[in-house]
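Structure at a glance
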Amino acid sequence: QANKHPTPSLFSVAAASPPPPPPPPPPPGAAPEGSHRSSVDVAETAKFAAIAATWWDYQGPFKPLHIMNQIRISFIRSAICRHFRKDANSARPLEGLQIVDVGCGGGLLCEPLARMGGLITGIDAVEKNLGVASLHAARDPATASIKYLCTTAEQMVHEQEKFDVVIALEVIEHVADPMEFCKSLAALTKKNGIVFISTLNRSIQSFGLAIVAAEYVLGWLPQGTHNWSKFVTPEELALLMGKASLSVEEMAGMVYNPFSQKWSLSKDTSVNYIALGVKIDT
Amino acid sequence: MMKRVVMRSLVRTQRRLFFYNSSSSFTQRLQFFQSAAGFCNQSEIENQAPPPRPEEDYDVVIVGGGMVGAAVGCGLASSAMTRGLRVAMIDSSPKQPTFRKHDPNAIPDQRVSAITPATVRFFQDVGAWEGVLSARPTPFDSMQVWDYGGLGFTRYKAEDVGEPLLGYVVENNVLLAALHSCLQSVGSIETMNPAQVKSVMFPSSSNLSPTQTKEAAESNGKQDWAQIELADGRRLRTRLVVGADGGKSAVRSMAGFQTRGWQYKQTAVICTVKVEWEHTTAWQRFLPTGPFALLPMGGTFSNIVWSTSPEIAQELKLMPSVDFVVEANRALLEDYGSQPYSGLAELLSSGLGKQLFGSELGTQLLGAFTPSSAEQFQVPPRVMDCVTERLSFPLSLLHATKYVNHRVALVGDAAHTVHPLAGQGVNLGFGDALALVNTLHRGVEGGFDIGEERVLKEYENERKKTNMTMMALLDGFQKLYATDFGPLNIARAAGFNTVNLLGPLKKQIITYAMG
């Protein structure tokens, strides 16, 4: 793929395979443009029509992600309050914090965080996602201020952007070089800022649940969405983050109860988990 | 009134300045609203820094400022999480409810409710209980329910479940004034009264149309909220409409909710009376025509709720007070059968019973009878005088098949009306208010758009179960009593007696009724 960027784009691989769960595969040639939305031609609009509408359809193909979203938001909210000493009982505890969501997709994470007062930037390599995200966010004055950019973490590092909170959920298992990715996330973080990374553990349980069950039995994700060998164990993630000058302060497992259809936080990191690292170097 | 609204919006602007981008489409929308309201001239607008939120945008609009509507308002105002929501309450009555100075000799109003400890806790949490206490509500600690045939009775006492009280009897005016005074002191809820809702338009929960431009999305976004038009022409836009406008709810019908229910062919007559002696018991006698309830109101005042056929109700309303008193005493004390008698109570309170009951083994054997099982039937006080006008209202059972939809939630009588049998109606409404406020609290905490159905569903799931159970119970009772047929009478009485004897069942009933 032709690269307009001087350094290899971490998302060039991600763009060829489906981005963070669980989307249908993007149309070919969806290379990052590195700029805001350009005009979309008629053929693209038709494909856009097919995919785009489903991000925010709560009963559609993204339903499992919508269900899981609530627990991720809950963890992120309380961890931010703890770290930045914000009042967790306030309606807008994230006021004044600059936050970037790397791999934002349709904006499922950006919107709730914006309602909580954060100054949100969402970035994604797939331009279609950003089109959907912008349109949806524009409908509500509480989320209309979110900035959506079609770019990569690396490009933003290059442009010397820095944030209080950097979030990359369900991305690291898709990138070519996890170590470089962590370093980019760290470079985007202000000193004493924090980074959230969530991913899937490389374990027997995750093979059974995230691959076999989710992709082949339940049909939650298209087959081939995940490559089990690229899943990251908590120990590996901690090492990667440590090497990127991110001190891992918290880690929590996320567990799904199929009867109540609810996710909850737990010590069990055998399948899904989320980690919080604090930037310790300038 | 307008000035206060404008002042408030200026204050809000400061809090929200960072929050808005200054894209031109936003300015266009602002221009539309401001020119419609005739506020400032258009050329000034382009040069303004981030435009303030349009005057008419709200997060929650509560339609109906009655007890339940005001309770929702108080609940939202009392929690830090929801206090920042912009809330308006629309009521059609021109005056603000206020307290009368408490006068023990003044005649209590005949519209009263028997509130449960759960309701009391709600009032305490929102800061409205002090107001109620200042008007001296009447506590009651026992309840006696019996059959007209004299075949059975049940006594419930707060003691049975180790509580000091079963509840309080309070004038509805007092509850309303306490809640409104709470709203006034918090000050964050805008009350619009008198005001009438002319129409409400609800959006369908729509998906994105992919060929929209960003500008189109912003302007169409305003259709994604509920639009309310008031009778005086004002227009409001809100994330959530709360229908708290009573049994004949306009919001419920405008939102297209289906209802199920029936008329009971019964009318309730209510009035305040003076009785022979002071008491703290809620008395309820089931007559063939319907239940007759006597509630304590402090001193020798009591309140009568007499559910009967429409014809009899009409007679009762119109006859002179003296005649009404005679009728009331016949219904409560005289007609039909003899006084019920409990052999077991005799046994339990006798010397032998005390020995059995008192011993360790005895307690286990007898399966923990409640203290009230040892009490005989007590004769209620005679009615001496009727001191207020007799009011009446028809009774029905009604419930909406759904309580929520995209951008709308029903609470209180708008969602369900019940037979006033156990005085439970308003307690269900307060339970709804609490549940809705908690749901909205969780919605704000999770960064949701609080008007979305997926957020509101939680409230519906929680309340529907509780309300329908209570409604079925009360309806079942009511139907049971509509028939006067020997074997059924005996079976009914047996049912009464069984409940009276079975300690654990009784405890469960009391605990459930206390909320």
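Residues numbered from 1 in each chain as written. Chains lettered and ligands numbered in written order. Predicted model: local features only at pLDDT ≥ 70, side-chain atom pairs only at ≥ 80, totals over all residues. Heavy atoms only, no water.

Per an unreviewed UniProt entry, chain B is named FAD-binding domain-containing protein, and its organism is Sphagnum jensenii. Regarding chain B, the UniProt comment filed under Cofactor (unreviewed entry) reads as follows: "FAD". What the UniProt record of chain B gives under Sequence similarities (unreviewed entry) is the line "Belongs to the UbiH/COQ6 family." (UniProt positions renumbered as here; feature names shortened; annotations may be inferred.)

The name given to chain A in an unreviewed UniProt entry is Hexaprenyldihydroxybenzoate methyltransferase, with the source organism recorded as Sphagnum jensenii.

With that out of the way, let us pick up the overall build of chain B. In terms of helices and strands, chain B carries 19 helices and 20 strands. Counting across all 515 residues of chain B, residues that qualify as buried make up 52%. Considering only contacts in chain B between residues 6 or more positions apart, those separated by 24 or more positions represent 79%. Approximately 22200 Å² of chain B is accessible, and the part contributed by carbon and sulfur atoms is 57%. (Helix = DSSP H or I, 4+ residues; strand = E, 2+ residues; numbered from the N terminus. Buried < 20%, exposed > 50% of the residue type's maximum accessible area, 1.4 Å probe, protein only. Contact = heavy atoms within 4.5 Å. Areas by Shrake-Rupley, 256 points an atom, 1.4 Å probe, with all protein chains shown as cover.)

Turning to the pairing of strand S12 (residues 259–275) of chain B, a few remarks are in order. By the bridge criterion, 10 bridges tie S12(B) to strand S17 (residues 391–400) of chain B in an arrangement that is antiparallel. Paired with Trp262(B) across the bridge in S17(B) is Leu397(B). (Pairing = 2+ DSSP bridges.)

Every buried residue of helix H7 (residues 178–187) of chain A is listed here: Met179(A), Phe181(A), Cys182(A), Ser184(A), Leu185(A) and Ala186(A). With a side-chain oxygen positioned 3.1 Å from the backbone nitrogen of Met179(A), the residue opening H7(A) is Asp177(A). (Polar contact = N/O pair within 3.5 Å; in protein donor to acceptor, adjacent residues only side chain to side chain.)

The next subject is the sheet that holds strand S4 (residues 138–140) of chain B. Residue and element names in this part refer to chain B. Here we have three strands laid out as an open sheet, ordered S3-S7-S4, and antiparallel in their pairing. The two strands at the open ends of the sheet, each matched to only one other strand, are strand S3 (112–115) and S4. Direction aside, the axes of adjacent strands within the sheet are offset by 25° on average. One ladder, built from four bridges, connects S3 with strand S7 (residues 167–171); its direction is antiparallel. By the bridge assignment, Ile 115 is partnered in S7 with Tyr 168. (Axes fitted to C-alpha atoms, helices over the stretch in contact; angles between N-to-C directions.)

Let us now look at the confidence of the model for chain B. Residues and elements named next belong to chain B. Averaged over all residues, the pLDDT of chain B is 79; the fraction at 70 or higher stands at 71%. The weakest mean pLDDT in chain B belongs to helix H3 (residues 42–46) at 37; the strongest belongs to strand S19 (residues 408–410) at 97. Counting interchain partners and residues more than four positions distant, the pLDDT-below-50 stretch residues 1–52 has 66 contacts. Here residues 207–211 scores under 50 on pLDDT; set against residues more than four positions off or in separate chains, the count is 14 contacts. Among the prediction metrics, the complex's ipTM stands at 0.80, with pTM recorded as 0.80. (pLDDT = per-residue confidence, 0-100.)

For the bond running from Asn193(B) to Pro194(B), omega is 0°, close enough to zero to count as cis. We note that Arg85(A) has phi near 50°; this positive angle belongs to a residue other than glycine. With respect to the helices, strands and loops of the structure, Arg85(A) is situated in the loop between helix H3 (63–84) and strand S1 (98–102). Here Arg85(A) falls in the exposed class, since its relative accessible area comes to 74%. At Arg407(B), a residue that is not glycine, the phi angle is positive and equals roughly 70°. Among the structural elements, Arg407(B) can be located in the loop between strand S18 (404–405) and S19. On the accessibility criterion, Arg407(B) (1% relative accessible area) is buried.

Residue and element names in this part refer to chain A. Taken together, the eight strands give an open sheet; going across it, the order is S3-S2-S1-S4-S5-S8-S6-S7, and neighbouring strands pair in mixed fashion. The outermost strands of the open sheet, each flanked by one partner alone, are strand S3 (147–150) and strand S7 (262–266). On average, each strand axis in the sheet is inclined to that of its neighbour by 20°, with strand direction left out of account. Here strand S6 (residues 246–257) pairs with S7 via five bridges, running antiparallel. Looking across to S7, one finds that Tyr 256 is bridged to Trp 263. Contacts from H3 reach S1, strand S4 (163–169), strand S5 (189–200), S6, S7 and strand S8 (272–279) within the one sheet, and its direction differs from that of S5 by about 150°.

We now examine helix H6 (residues 117–126) of chain B. Residue and element names in this part refer to chain B. Every buried residue of H6 is listed here: Pro 117, Thr 119, Val 120, Phe 122, Phe 123 and Val 126. Buried residues in H6 make contact with helix H4 (67–78), S3, helix H7 (129–134), S7, helix H8 (172–186) and helix H16 (425–445). With its phi angle positive at about 85°, Gly 127 sits one or two positions after the end of H6.

Turning our attention to the confidence of the model for chain A. Across chain A, pLDDT averages 81, with 81% of residues at or above 70. In this model, residues 1–49 of chain A is a region of pLDDT below 50 whose contacts with residues beyond four sequence positions or in other chains number 83 contacts.

Residues and elements named next belong to chain A. Positionally, Cys 182 belongs in helix H7. Along the backbone, Cys 182 and Pro 112 are 70 residues apart, and their C-alpha atoms lie at a distance of 25 Å. Setting aside anything within four residues of it in sequence, one finds Cys 182 in contact with Ile 172, Ile 197, Leu 240, Met 241, Ala 244 and Leu 246.

Turning our eyes to something else, we now look at the state of the cysteines. Here the structure, examined in full by the defined rule, presents zero disulfides over all chains. Cys182(B) carries a free sulfur, and the closest cysteine sulfur to it, the one in Cys74(B), is 3.7 Å from it. (Disulfide = S-S within 2.5 Å.)

Residues and elements named next belong to chain B. Viewed as axis vectors pointing N to C, H6 and H16 meet at an angle of 45°, and their least axial separation amounts to 10 Å. On the basis of their axis angle, the class for H6 and H16 is oblique. Every pair of crossing elements has a handedness; the one defined by H6 and H16 is left-handed. Counting all contacts with H6, which are made through Thr 119, Phe 122 and Phe 123, the residues of H16 involved are Asn 427, Phe 430, Ala 433 and Leu 434. Of the residues that constitute the contact of H6 with H16, the class distribution is five nonpolar, two polar and no charged. (Parallel < 35°, antiparallel > 145°, perpendicular 65-115°, else oblique. Left-handed = near helix turned anticlockwise from the far one by under 90°. Nonpolar A, V, L, I, M, F, W, Y, C, P; charged D, E, K, R; others polar.)

The next subject is the pattern of salt bridges. What the rule picks out here adds up to 25 salt bridges over all chains. A salt bridge links Glu95(A) to Arg92(A), with the nearest nitrogen and oxygen atoms 2.8 Å apart. As a salt-bridge pair, Arg463(B) and Asp432(B) come within 2.7 Å of each other at their nearest N and O atoms. Separated by 31 residues along the polypeptide, Arg463(B) in helix H17 (residues 453–481) and Asp432(B) in helix H16 bring together distant segments of the chain. No difference in accessibility class separates Arg463(B) from Asp432(B), as the two residues are buried. A network of salt bridges, in which partner residues are shared, links Glu111(A), Arg115(A), Arg139(A), Asp140(A), Asp59(B), Asp224(B), Arg239(B), Arg407(B) and Asp449(B). (Salt bridge = Lys/Arg side-chain N within 4 Å of Asp/Glu carboxyl O.)

Okay, the packing of aromatic side chains next. All names here are of chain B. This model, assessed by the stated rule, comprises 13 aromatic pairs over all chains. Ring plane angle 80° and centroid distance 6.2 Å describe the contact between Phe 122 and Phe 123, whose orientation is recorded as edge-to-face. Of the two residues, Phe 122 and Phe 123, neither departs from the other in class, the shared state being buried. Considering the side-chain rings of Phe 292 and Trp 306, the 4.9 Å spacing of their centres and the 65° angle between planes classify their relative orientation as edge-to-face. (Phe/Tyr/Trp six-rings, centres within 6.5 Å; stacked < 30°, edge-to-face > 60°.)

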